[in-house]
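# Survey of secondary and tertiary structure
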Amino acid sequence: MTSRCRTAVHIAVTTLFAAAVLFAILLAYVTGYQFIHTQQHHLSFGLYGAILSLHLFLQSLFAFLEHRRMRSPARLQHLRRSVALCIAAYQEDPDYLRKCLRSVRRISFPGLKVVLVVDGNRPEDRYMMDIFQEVMGGADQAGSMAWKGNYHSDGSGGGGVGGGGEGGGGGGGGRSSVHMEETGRVARLVRRCRYSCIMQEWGGKREVMYTAFKALGDTVDYVQVCDSDTVLDPACTLEMLKILEEDPQVGGVGGDVQILNKYDSWISFLSSVRYWMAFNVERACQSYFGCVQCISGPLGMYRNALLQRFLEPWYHQTFLGAKCSFGDDRHLTNRVLSHGCKTKFTARAQCQTETPTRYLRWLNQQTRWSKSYFREWLYNALWFHKHSLWMTYESVVTGFFPFFLVATVVHLFYRGRLWNILLFLLTVQLVGMVKAAYACFLRGSLVMVFMSLYSLLYMSSLLPAKIFALLTINKAGWGTSGRRRVVVNLIGAVPVTVWAAVLLGGVAYTVYCETQEPLSETEKALLVAGATLYACYWVVLLVLYLAIVAKRCNKPGEQYRLAYAEA
């Protein structure tokens, strides 16, 4: 069979498989088939619930098996490999930037090249270059350059994101010549100096990453990425390098991203337990099949030869006719997958990164991430046939789950029975507790019991944010801001407000319906028992939260107790 025929067969198989998975879920949802139920259907367990339960079981099983693999560390075969660490910075908090650079100095990898690219070249951005020179050894050891433009703009105000192609924007031959000379200076500086810092015209994170990648060219074997608010484990570079060296089919690898400021607020704490689940369960499961769908920006590493092959199409990505300016890390991962290469996760490489501490900023961040998820889902679907069927299966389940969930919530809240609403709330927290119990077992820490609290945050905030993100998928004019000057954007509250109005309307309608006819004794007993159980759950969790977490919040010294964390 020819290569083209094999590809056609693989495409047909994965397409049919994806359709079968979606059809099975849709059929189970629409028919509402129930395996067991009480006489008046107050309690039941059906096919749809069984499918979701099976998904959680398989995901947990494969994550466990992947963690068992990680416990047997691979040996590094080639110590002479060259690695460049590329750091993206934008209006960074000075304290975070210093912590990041100090952790870079402690990385246990000989000859590591470091490139910091600052997204902005105004006088108020200069402090980041000063901090870089201060930490990395001064101007004699750390090369630096303030660039009027960037690779896609000559600094005349006509470039940046959405500007012209490589070689500069607008102007005659003289200006283009100057721009080409400056791009050459940047490349020579980055390649000559072990530590280099480039300040350039604002263009967004993708522009910053492109500068580092383009300037490095083919001078290194591997490229590690990092954000300027991230503290790195000294062993992270070696651990990720081991994964890439062990299997030549692996094109990229990500590490375990934890939260640096988890005790700053309740939202940052809940984010910390959610991060652990996302990396150590969800991505560990994907890693078992070699198809991690997003190598996170704070900690990742790629084969440079592969990266240079798709650098230009990655930078020039468009969607619905507009240039993409977010979702850079997810698309970078997708480009690796599009070449048929594997992507992996290792919990042996760790870092800590900053997360929003205010609700609205967190909501805007999640909305922006959801936009890139849906956009990249469509791109990722083009390469299902090049990877394990698990990637196809999981993409279908996770991609369509929010829509099934919204339909379920609206249906139950407008069905006219209080018990349906209460049962749904109990089920949400029960699933949260099951996942939290497994996380406690896998991590060996009772702190993961608070993962169940995240379920309510998902239902009340993240779910409407996902729908809003899909409806505004091509709007890129807002998101999270720099950390030196945090801008509060109220637009993230719009979908949550609308969602709250929909749910409250359902509750009001249900109360009205229940008042039209008296409740049976069975329903009264169920409501009292369910409400008592639900109230007890919240009392216990809130007491634990106040006793364990709340007293540590807003204390700057409270961090993960890791060897690389600074006091």
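For the structure, see preceding data.
Attention in this report is confined to the structure presented alongside it. Bear in mind that the values here come from a model prediction, so they are computed numbers and not experimental data.

Our next topic: the overall build of the protein. Helix and strand counts for the protein stand at 17 helices and 13 strands. Taken over the C-alpha trace, the protein has a radius of gyration of 25 Å; the compact-globule value for 567 residues is 24 Å, and the two agree within 12%. Referenced to the eigenvectors of the C-alpha coordinate spread, the extents of the protein come out at roughly 85 × 65 × 50 Å. Counting all 567 residues of the protein, 54% fall into the buried class.

With that settled, the discussion passes to the pattern of salt bridges. Inspection of the entire model under this criterion finds 20 salt bridges. One salt bridge connects Arg-81 with Glu-245, and the closest N-O pair in it is separated by 3.1 Å. Taken together, the residues span a long stretch of sequence, with Arg-81 in the loop between helix 2 (47–70) and strand 3 (83–89) and Glu-245 in helix 7 (residues 236–246) at a distance of 164 residues. Look at Arg-81 and you get partly exposed, because its relative accessible area is 30%. You can call Glu-245 buried: its relative accessible area is 13%. A salt bridge links Arg-274 to Glu-282; the nearest nitrogen and oxygen atoms lie 2.8 Å apart. One connected set of salt bridges, linked through shared partners, spans Glu-66, Arg-69 and Lys-344.

Let us now look at the nonpolar core. Counting residues in each nonpolar core, the largest one holds 111 residues, and the members touching the most others are Ile-87, Phe-132, Met-136, Leu-232, Phe-269, Met-448 and Phe-450. Among the elements that take part in this core, helix 8 (residues 266–288) stands out by supplying 12 residues, more than any other.

Moving on, we come to unusual backbone geometry. Of note, Gln-91 is a non-glycine position whose phi angle comes to about 45°, a positive value. Its location among the elements puts Gln-91 in the loop between strand 3 and helix 3 (94–105). Here Gln-91 falls in the buried class, since its relative accessible area comes to 8%. The backbone phi angle of Leu-320 is positive, close to 55°, even though this residue is not glycine. Within the secondary structure layout, Leu-320 lies in the loop between strand 11 (318–319) and strand 12 (322–323).

Right, let's talk about the sheet that holds strand 7 (residues 222–227) for a bit. Strand order in the open sheet formed by nine strands is 5-6-4-3-7-10-9-13-8, and the pairing between neighbours is mixed. Looking along the sheet, the strands with just one partner apiece sit at the ends: strand 5 (142–146) and strand 8 (230–232). Averaged over all pairs of adjacent strands, the angle between strand axes in this sheet comes to 25°, irrespective of strand direction. Inspection of the sheet shows strand 9 (residues 250–259) paired to strand 13 (residues 342–353) by nine bridges, in the parallel sense. Across the sheet, Gly-255 pairs through a bridge with Thr-346, a residue of strand 13. Running at roughly 15° to strand 8, helix 3 makes contact with strand 3, strand 4 (113–119), strand 6 (195–200), strand 7 and strand 8 of the sheet.

What follows covers the pairing of strand 9. In terms of burial, strand 9 is largely enclosed, as 10 of its 10 residues are buried. With three bridges joining them, strand 9 and strand 10 (residues 300–303) adopt antiparallel strand pairing. Opposite Gly-254, over in strand 10, you have Gly-300 as the bridge partner.

Another aspect to go through is a nonpolar patch on the surface. Taken together, the side chains of Tyr-33, Phe-35, Ile-36 and Phe-45 present a nonpolar region at the surface, about 430 Å² in accessible area. Locating Ile-36 in the fold gives a position in strand 1 (residues 34–37).

Attention shifts here to the pairing of strand 6. Burial runs high along strand 6: six of the six residues are buried. Residues Tyr-195, Cys-197 and Met-199 line one face of strand 6 and the alternating positions Ser-196, Ile-198 and Gln-200 line the opposite face, and both faces are buried. Bridge count for strand 4 against strand 6 is six bridges, and the pairing is parallel. Looking at strand 6, one finds that Val-114 is bridged to Tyr-195. For strand 5 and strand 6, the ladder comprises five bridges, and the chain directions are parallel. Considered in strand 6, the bridge of Ala-146 is made with Met-199.

Our next topic: the side chain of Ser-296. Relative to the elements of secondary structure, Ser-296 occurs in the loop between helix 8 and strand 10. The class of Ser-296 is buried, set by a relative accessible area of 17%. Residues within four places of Ser-296 in sequence aside, it is in contact with Val-257, Phe-279, Arg-283 and Asp-329.

Summarising the element assignment, Ser-196 is placed in strand 6. For Ser-196, a relative accessible area of 0% puts it in the buried group. Aside from chain neighbours lying at most four places away, what touches Ser-196 is Val-114, Val-115, Leu-116, Phe-132, Gly-143, Leu-189 and Val-190.

With that out of the way, let us pick up the packing of helix 3 against helix 4 (residues 126–136). Following both chains from N to C, one finds helix 3 and helix 4 inclined at 35°, their axes separated by 10 Å at the closest point. Like other packed secondary-structure pairs, helix 3 and helix 4 cross with a definite hand, here right-handed. Every residue of helix 4 that contacts helix 3 at Pro-94, Leu-97, Arg-98, Leu-101, Arg-102, Val-104 and Arg-105 is listed here: Tyr-127, Met-128, Ile-131, Phe-132, Glu-134, Val-135 and Met-136. The residue makeup of the contact of helix 3 with helix 4, split by class, is 10 nonpolar, no polar and four charged.

Rules used throughout
For every chain, the first residue of its written sequence is number 1, and the numbers climb from 1 along that sequence. Where local features are concerned, this predicted model is filtered to residues with pLDDT of at least 70; where side-chain atom pairs are given and counted, the filter is 80 or more; whole-chain, interface and lining totals use all residues. Side-chain descriptors were evaluated using all non-hydrogen atoms of the structure, hydrogens and water having been removed beforehand. Per the convention used, a helix needs a DSSP run of H or I reaching at least four residues, while a strand needs a run of E reaching at least two, with both numbered from the N terminus. Note that the radius of gyration is over C-alpha atoms, with the globule rule given as 2.2 Å times the number of residues to the power 0.38. Relative accessibility thresholds used throughout: buried, under 20% of the residue-type maximum; exposed, over 50%; partly exposed, between the two (1.4 Å probe, protein chains only). Between Lys or Arg on one side and Asp or Glu on the other, a salt bridge is scored when a side-chain nitrogen of the former is within 4 Å of a carboxyl oxygen of the latter. Residues enter a nonpolar core if they are buried and are Ala, Val, Leu, Ile, Met, Phe, Trp, Tyr or Cys, with the set joined through side-chain atoms within 4.5 Å. For two strands to be treated as a pair, DSSP must find at least two bridges joining them. The angle between two axes is taken between their N-to-C directions and runs from 0 to 180 degrees, where each axis is a line fitted to C-alpha atoms and a helix contributes only its stretch in contact. In this description, contact between two residues means that some pair of their heavy atoms is separated by no more than 4.5 Å. Only residues above 30% relative accessible area that lack a salt bridge enter a patch, with like-charged residues linked at up to 9 Å and the nonpolar side chains Val, Leu, Ile, Met, Phe, Trp and Tyr linked at up to 5 Å. Only the protein chains shown count as cover for residues, with accessible areas throughout obtained via the Shrake-Rupley method and a probe of 1.4 Å. Each crossing is labelled by how the near helix is turned from the far one, with a counterclockwise turn of less than a right angle marking it left-handed and a clockwise turn marking it right-handed. The classification used treats Ala, Val, Leu, Ile, Met, Phe, Trp, Tyr, Cys and Pro as nonpolar, Asp, Glu, Lys and Arg as charged, and all other residues, Gly among them, as polar.

As far as function goes, none of this settles anything; it's purely spatial.
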